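Coordinates in review
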Amino acid sequence: MAAKITVAHEHWPACFEELMDRIADCFPRRETRTTCRNMIEAMMVVEVTANCWTLGEAIGHRGPHILQHFLSRARWNDDAVRERVAAWAVGQLGDAGVVLVVDETGDEKSSTDAAGAARQYSGALGGVGLCQVAVHLSYATTTGHTLIDRRLFLPSGWAADEERRQLAGVPEEVMFASKPQLAVDMLARLPAGGVTDAWVAADEVYGGRETRTAIRTLGYRYVIAVKTDHRLATPAGTFTVTDLVKRLPGRSWQRLRTGSGTKGDRHYDWAMIDVLADDTPDGHQAGQSTLLVRRHRYTGTLSFYRCWSATPRPLQELVGVVCRRWRIEEDFQAAKGLTGLDQGQVTGWTSWHRWSLISMIAYALLAVTITLERGGTAETGQVELVPVSCRELVKLLRRFMLPRPRQDIDPEHALRWSLWWRRHQYRAATCHRRWNEVTAASTT
């Protein structure tokens with residue numbers, strides 16, 4: 001029986017070549033263009049922890065120095081690359097039901113030498129730990145979703161430490177900014193790129209009045225989670241959201257399907273309450289401000305979302321925005337697990353931004369490819385297949401399209417790298433022992 005063409009053969013080459021052509025002139029030298037291309041592919045080829053050593057070995061370099069130079073010192077316009085990749089992803093995913101999702105994630109670190117690394121809270125770590133935290137922006141439509149931007153968060157103490165800033169190469173113009181401010185900064189770039197009609201979805205961190213006002217100033221609607229003690233004004237007075245829900249009659253709740261999983265459909269009870277807007281920018285109309293409440297149908301647990309739009313919106317649309325907010329969690333999981341978003345062992349400001357950019361490019365290619373495949377499957381009526389996942393696509397790409405790691409086909413290359421690793425580790429251990437001896441002598 002002849003094998004059918006795979007999604008890897010059908011969509012990947014066209015997507016990859018189109019995107020590489022779009023960003024080609026952002027690299028003034030052919031060597032950096034080639035390195036970028038090789039690094040994007042290697043991000044998906046390497047099955048162990050992705051760093052300059054493992055990627056360099058897979059690509060066929062004689063050491064990690066080429067990738068280290070590419071990330072830290074090479075001349076290429078990473079801001080222009082990010083803008084073009086985001087524009088390409090937006091064009092591929094379409095503009096049907098656009099939701100711009102903002103959230104932060106943390107990457108565990110072993111020292112405070114890395115830019116922005118400090119003891120701080122991270123949901124990815126499940127508490128307070130030594131980590132870097134970055135705010136990300138995801139573009140989600142009814143057909144697909146992907147990460148399109150990120151900002152590294154500098155804690156106030158880190159941002160004020162001139163010595164650490166200089167060692168990490170933090171630009172002088174970069175000052176302390178809160179996570180909501182970083183989110184607004186990313187959103188402010190999108191109208192110039194043509195993204196003007198969209199919802200903004202975020203969690204409680206981004207529910208402050210100043211942030212909501214900035215979102216409205218940019219012309220976006222929003223659905224943002226708020227805390228249980230959040231206070232808002234109504235024609236009947238000012239209440240906390242929990243007190244306001246107690247005043248709802250039983251008929252106010254409506255049960256809606258919010259998604260489906262392997263165990264069946266998921267349903268929650270929902271209610272809408274009209275409230276008074278407190279975030280209207282100067283010269284803008286008040287619009288329609290609403291409190292959206294979700295209730296678990298078994299436990300009764302409540303969640304609250306503050307919503308705003310220029311005109312009244314149906315309950316189903318607001319619920320859809322809440323559900324699509326979780327797409328960024330899927331993006332984090334896939335980008336970290338498949339394209340090394342949290343694995344870059346880099347310490348500098350420039351290196352961090354370039355590493356995260358390469359990871360986001362690789363993930364955007366995966367996200368667009370599976371979106372195209374799912375659309376083709378729907379058109380051909382292949383309803384007996386579950387949608388292809390990013391993980392399944394990577395397996396197919398490794399089998400059919402991506403170059404094999406150099407060490408798998410060249411024994412001499414694998415031996416050279418084994419010797420290089422052992423020699424480097426020996427020198428590093430020797431240096432550490434000498435340094436420990438010096439510090440021990442200086443304290444006695």
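Read on for an overview of the structure. (Residues numbered from 1 in each chain as written. Predicted model: local features only at pLDDT ≥ 70, side-chain atom pairs only at ≥ 80, totals over all residues. Heavy atoms only, no water.)

What about the overall build of the protein chain?
In terms of helices and strands, the protein chain carries 17 helices and 12 strands. Against the compact-globule benchmark of 22 Å for 444 residues, the protein chain has a radius of gyration of 24 Å, which places it among compact chains. C-alpha extents for the protein chain along the principal axes are approximately 75 × 75 × 45 Å. Here the protein chain holds 444 residues, and the buried ones make up 50% of them. The contacts in the protein chain between residues at least 6 apart in sequence include a share of 65% that link residues at least 24 apart. As displayed, the protein chain has an accessible area near 22,700 Å², and 50% of this comes from carbon and sulfur atoms. Here the protein chain carries 55 positive and 50 negative side-chain charges, and the mean point of each set is 3 Å from the other. (Helix = DSSP H or I, 4+ residues; strand = E, 2+ residues; numbered from the N terminus. Rg over C-alpha atoms; globule rule 2.2 N^0.38 Å. Buried < 20%, exposed > 50% of the residue type's maximum accessible area, 1.4 Å probe, protein only. Contact = heavy atoms within 4.5 Å. Areas by Shrake-Rupley, 256 points an atom, 1.4 Å probe, with all protein chains shown as cover. Lys, Arg positive; Asp, Glu negative; His and termini not counted. Charge placed at Lys NZ, Arg CZ, Asp CG, Glu CD.)

Considering the state of the cysteines
Scanning the model with the defined rule gives zero disulfides in all. The thiol sulfur of Cys36 is not disulfide-bonded, and the nearest other cysteine sulfur, from Cys26, lies at 9.3 Å. On the basis of relative accessibility, which here comes to 1%, the residue Cys36 falls in the buried class. Cysteine Cys52 is unpaired, with the sulfur of Cys36 as its nearest cysteine sulfur at 13 Å. Its relative accessible area of 10% is what places Cys52 among the buried residues. (Disulfide = S-S within 2.5 Å.)

Describing the packing of aromatic side chains
Here the structure, examined in full by the defined rule, presents eight aromatic pairs. Taking 4.6 Å as the distance between ring centres and 85° as the angle between the ring planes, the aromatic pair formed by Trp53 and Trp421 counts as edge-to-face. With Trp53 in helix 4 (residues 52-59) and Trp421 in helix 17 (residues 411-442), this pair connects stretches of sequence that are 368 residues apart. Trp421 sits in the partly exposed class, given a relative accessible area of 24%. (Phe/Tyr/Trp six-rings, centres within 6.5 Å; stacked < 30°, edge-to-face > 60°.)

Some points on helix 3 (residues 30-45)
Taking 1.5 Å of rise per residue, the 16 residues of helix 3 would be expected to cover 22 Å, and the 23 Å separating its terminal C-alpha atoms lies within 8% of that figure. The complete set of buried residues in helix 3 reads Thr32, Thr35, Cys36, Met39, Ile40, Glu41, Ala42, Met43, Met44 and Val45. (Expected span 1.5 Å × (residues − 1).)

Some points on the packing of helix 4 against helix 5 (residues 65-72)
Any two packed helices are characterised by how steeply their axes cross, that is the angle between the axes, and by the distance between the axes. Axis separation between helix 4 and helix 5 bottoms out at 8 Å; the angle between their running directions is 120°. When the interaxial angle is binned, helix 4 and helix 5 end up oblique. Judged by the twist between their axes, the crossing of helix 4 over helix 5 is right-handed. From helix 4, Cys52, Trp53, Leu55, Gly56 and Ile59 reach across to helix 5, where they touch Leu67, Gln68 and Leu71. Of the residues contributing to the contact of helix 4 with helix 5, the split by class is six nonpolar, two polar and no charged. (Axes fitted to C-alpha atoms, helices over the stretch in contact; angles between N-to-C directions. Parallel < 35°, antiparallel > 145°, perpendicular 65-115°, else oblique. Left-handed = near helix turned anticlockwise from the far one by under 90°. Nonpolar A, V, L, I, M, F, W, Y, C, P; charged D, E, K, R; others polar.)

Side note on the pairing of strand 1 (residues 99-108)
Residues in a regular strand point their side chains to alternate faces of the sheet. The element strand 1 is largely enclosed, with a buried count of nine among its 10 residues. For strand 1 and strand 3 (residues 127-140), the ladder comprises 10 bridges, and the chain directions are antiparallel. When the bridges of strand 3 are listed, Val101 appears paired with Ser138. Taken together, the three bridges between strand 1 and strand 5 (residues 199-202) define a ladder with parallel strand orientation. Residue Val101 lies in a different strand from strand 5, and its bridge partner there is Ala201. (Pairing = 2+ DSSP bridges.)

Some words on helix 15 (residues 390-400)
Listed in full, the buried residues belonging to helix 15 are Cys390, Leu393, Val394, Leu396 and Leu397. Seen along its axis, helix 15 keeps its buried residues to an arc of 165°; they face one direction. Summarising the geometry of helix 15, the exposed residues directed more than 90 degrees from the buried face are Lys395 and Arg399. (Arc of directions from axis to C-beta.)

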